[in-house]
Structures are given as C-alpha cells and as structure tokens.
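# Residue-level structure breakdown
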Amino acid sequence: MKKISYIAMVLGSSLLLPACQDQLDLQPISQTVVGGSGTGTAGSTITNAATAEAALAGSYAIFKNGSAEYYVMDYFILGDGQSDNSYAGADNAAWFEVDEYRILSTNAVAARDWQYLYNHVASANSIIANVPKVTDASLSADRKAQIVGEAKFIRARAYFDLVRIYGDVPLVVDELPTITSENVDEIYGQLYPARSTAEEVYAQIIKDLDEAGTAVPKTGPNKMTATPGAVYTLATKVYATRKDWAKVKENADKVIALGYTLMPNFEDLWDGKHENSAEAIFELNFEDWATGGNWGSSMFYGTDWKKFNTPSNDLIKAYDDEKDVVRKASTIFTANVTGKWSDKYWALTRFPFAYKMRNTDASQNIIMYRLADVLLLKAEALNETGDLAGARTLVNRIRTRAKLPATTAGDQAAMRLAIEKERRLELAFEGQRWYDLVRTGRVVRVMEAAKDGSGNSLNYKLTDTRLLWPVPQGEIDKNTNLKQNNGY
C-alpha cells in the first residue's frame, strides 16, 4: 500500500513549475516526461489537423517559453561559463558552484535544467505518439510525416543535451497508459525508470535523426524550423562527440550541399540587421515579450546587477594573442561600471560583457546552429582521417573572414590545436566551448592552465568525476531506481 499511496499522491499533484521558484514536486520523471495526469495521456488532445499543428507549435514555443530559462540563459552559461571562456558572473550561488566545479546534487540549476529538457522531451513524445493516429483528411500523410520528423529533431536535440550534461539518463520515448490502482505494479518501471546508458541514449538520438532527415520540411517561414539542414547539423555534432569521423564528414557534406554560405562580415551575424541569414541553420526567432521575448540579452549584456557569463581574462588574452580584432569586437563589449558592483576578476573601469546577444528589448534572435560550426567540425574530421590539406582549407575560410592570415599548423597534432583555438574564437558565447573540450579529452588540462588577469593560475579543482553534473537529488528522492553519478 505504501507504493500505491505514493502514486496516488503523485497523480494528484500539479505538473506546472514556474521558473525561478522552488516547490515541492512529487512527479516521477517519466510522469513529467509523458505529461500525463494519471487519467490519460497528454497526447489525447491531438485529434485533428488543427490540434496536431498546435501541438507542434507548442513544442517550438518551449524554446521561448516553457523552457526559456534553459534555452536563453543556462545553455550559454553551461557551455561557456563552465569553461575557460567566462566566469559565471552576477550573484547566483548555484552558478558559482558550477563555475568553480563544486556543484552539489541539490544545485538548483541542475534541477531545473533536467526538468526543462524533459519537458521538451514530453512535448515531442506526445506528437510522435499521437499525430500518426489522426484520421482528419485535411492532415495529409506527408504533413503528418513532417510534423513527426520535426518532433523527432526536437527530442533528439533535448536528449543530446541531457546525455552530455548528466551522462546516463532515463530514456523515455513513449507515453504512459491511463494509471489506475490495478495497473500500478505493471507500469511501475515506466513511472520510475532507471537510467539508460549513454550508448542507448545516443542510439536513440541517431535513430531519431535518421528518421527525421528525410521527413522534415525542406524550408520554413524562418530558420526556427527543423529542416534537413538542422537535422544534419545536429547529426554532425552528435557524431563528432562519438568520434565517428566518417559520419561527421557525411553529415557536414549534406549541410554544405544545401547551399548555406558564410556571411561576408562576422558582425553581420550579431547586429540584428541580418537575422535568419544565409549562414544560420537553426535560429530561435524572438519578437516581443508577449510571444516569448529573449530576456537572456539583458542577463548577459544588461545593466545594474545583470552580468552573467562575464568574459574571462583568458579568453580576452586569446583574442589579443591572435590579433583577432574582428571577432573580439563582435563578441566582447567593455564598459566603465564603476560604482555599480565589485568584482574579483576585472577592474570596474574596463568591465567586459558577452556581446553576441546585445539587444535588450527582447527581440534579438539566437543562432543555435550555423555554417561556420559545421565547417570547423568537418575540418576536424578531415584532420583526424589524415587529410591535413582539406582541414587547412576549411580553417582558412573561417580565418579569412576574420581578416586573419592562414593557419601555420603543419601536422595533425598542430592542426588539432589550431581547430580547437579557431572554434573557441569563432564560437565564443554560443554554448560550445565546454562540450568541445570534454569531447576531445582536453578539458582538465586546459582548465588547469587557465590564468587570471595577472597571469596567475586560477587553481580550478576540476577532475574527471566533475565532467558530468549530478543527477538532481530531488529526482533521486522520488525515484529509487535512479543512481547518482560518481563523485557526488
């Protein structure tokens, strides 16, 4: 009866969690993922063409509303603030834990990002399970396939972040049946799933992308549509993480063949005048507060206390050492903030801000995937498979736009470091650096070498057991099948 009583309590609790608020939450992970209430599945509302389209629109809207804290803010601090590119900044104790590699299993950011990403999985699962069942004649078979393909891209994208952040995670791809006292024992494992291995999660990601690539629409009203370019870009990134270089080249070539081109000026990507550009592959489109505004800009490039993701001394030195004036000017803005706050890293007369998101009226788009990223991943694959000349050609395309001379890397080892540096300077504050360092096995060495503005070691205490975040303690407390990551 203890199990049934607890389930009953779960079924009566709310699924809605306001952002930035701590609450008692008793849902099992799969119940949150599935989105059910205990009396049916979330997808039961998908019954015709209109509700199918509404469900897909709602899943896209999660990028801007339902999980906005992750997609407009946490994603970027995790990818850059956790690396040598920036300091967490501001006054948030949970981010200080992340920044200094002393994160706890009770960390509030780790808890909320787990929920936000599984929220996105839930929306995709609902679409994938129910749209094929719609019999409305106005929803064609081709459009059904497109909708399901778009949802599979969204699900794959969410799981890719989950597995990179937490490692082994519950892999939930189905909706739950109606939960009753009679079937609780039978479906208990679905309600409270154990963690699947990272290999199993990656296999599902790849399966989703394989199926999505030929199904998604070729174009959309803007770049916030899962098109083949977005699918193949995500596949390129997944295979680079898996070090399957043949697949990296294959998928990068598919992206390149679709006709994306580098913008002639690096600044064009960030000035707000060239949104949904020829270089952008997947881009979150924002208009105003009413439709889900981009408030992340205010957190990175804001006023008063808002100074998250503060550029590091190490990153600025990297730009200066390379004489990379063009990309530095578009990536970092310096201001005199004397009297507004204190800071242990920077003089207040020349305080730096992350600058790629700079429009604080909520309308600035966020480029999630772009061609330069794909070209550099292809360069990496070419270098790893012995094509040094091909890798050099691609790296130099990126450097030419930045008005820099050709790379001097003369062998495979030197080219590895050249590509790593190029990705850092090109993609800073786009949420990439941490993942690049982890997948190449360089993160501990690089963070040990990070320096402050006086050339002194920052003494980061990073070890291999801290490359993954902990499974949130709150999830373990309500699901005894979940096991904690080593080191926590």
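Every residue gets a number counted from 1 within its own chain, in the order that chain's sequence is written. Predicted model: local features are reported for residues with pLDDT of at least 70 only, side-chain atom pairs are reported and counted for 80 or more only, and whole-chain, interface and lining totals are derived from all residues. For the side-chain quantities, the full set of heavy atoms in the structure was used; hydrogens and water were omitted.

### Describing the nonpolar core
Nine residue types can take part in a nonpolar core, namely buried Ala, Val, Leu, Ile, Met, Phe, Trp, Tyr and Cys, and a core is a set of them joined through side-chain atoms within 4.5 Å. The buried label goes to any residue with under 20% of its type's maximum accessible area, the exposed label to any with over 50%, and the partly exposed label to all in between, with areas taken from a 1.4 Å probe on protein chains only. Counting residues in each nonpolar core, the largest one holds 130 residues, and the members touching the most others are W95, F153, Y159, I205, L209, L284 and W469. Where helices and strands are cited, they refer to DSSP runs of H or I of at least four residues and of E of at least two residues respectively, numbered from the N terminus. At 13 residues, helix α7 (residues 141-166) tops the list of elements feeding residues into this core. In contact with I205, other than residues within four places in its own chain, are A156, Y159, F160, V163 and V238. Residue contacts are counted whenever heavy atoms from the two residues lie within 4.5 Å of one another.

### Points about unusual backbone geometry
The residue N276 is not glycine, and still its phi comes out positive at about 55°. Along the chain, the position of N276 falls in the loop between α11 (245-257) and β2 (280-284). Judged by relative accessible area, which is 26%, N276 ranks as partly exposed. You will see that A362, though not glycine, has its phi angle at about 85°, which is positive. With respect to the helices and strands, the residue A362 is situated in the loop between β5 (351-354) and β6 (366-370). Using a relative accessible area of 0% as the deciding quantity, one classes A362 as buried.

### Brief notes about empty space enclosed by the protein
Note on definitions: the grid is 1 Å and covers protein atoms alone; a cavity is a set of points where a 1.4 Å probe fits but cannot get out; a pocket is an open set with protein on both sides within 12 Å along at least five of seven lines; lining residues have an atom within 4 Å of a point. Grid points are joined across faces, edges and corners, and a volume is the space filled by probe spheres set on the points. By the definition in use, this model includes 7 cavities of 30 Å³ or more. Considering only enclosed or pocket space, the largest cavity measures out at about 140 Å³ in volume. Residue lining of the largest cavity: 13 residues in total, with F76, W270, K356, M357 and F429 positioned closest to the centre. Residue type decides the class: Asp, Glu, Lys and Arg count as charged, Ala, Val, Leu, Ile, Met, Phe, Trp, Tyr, Cys and Pro as nonpolar, and the leftover types, Gly among them, as polar. Among the residues forming the lining of the largest cavity, the class breakdown is 8 nonpolar, 3 polar and 2 charged.

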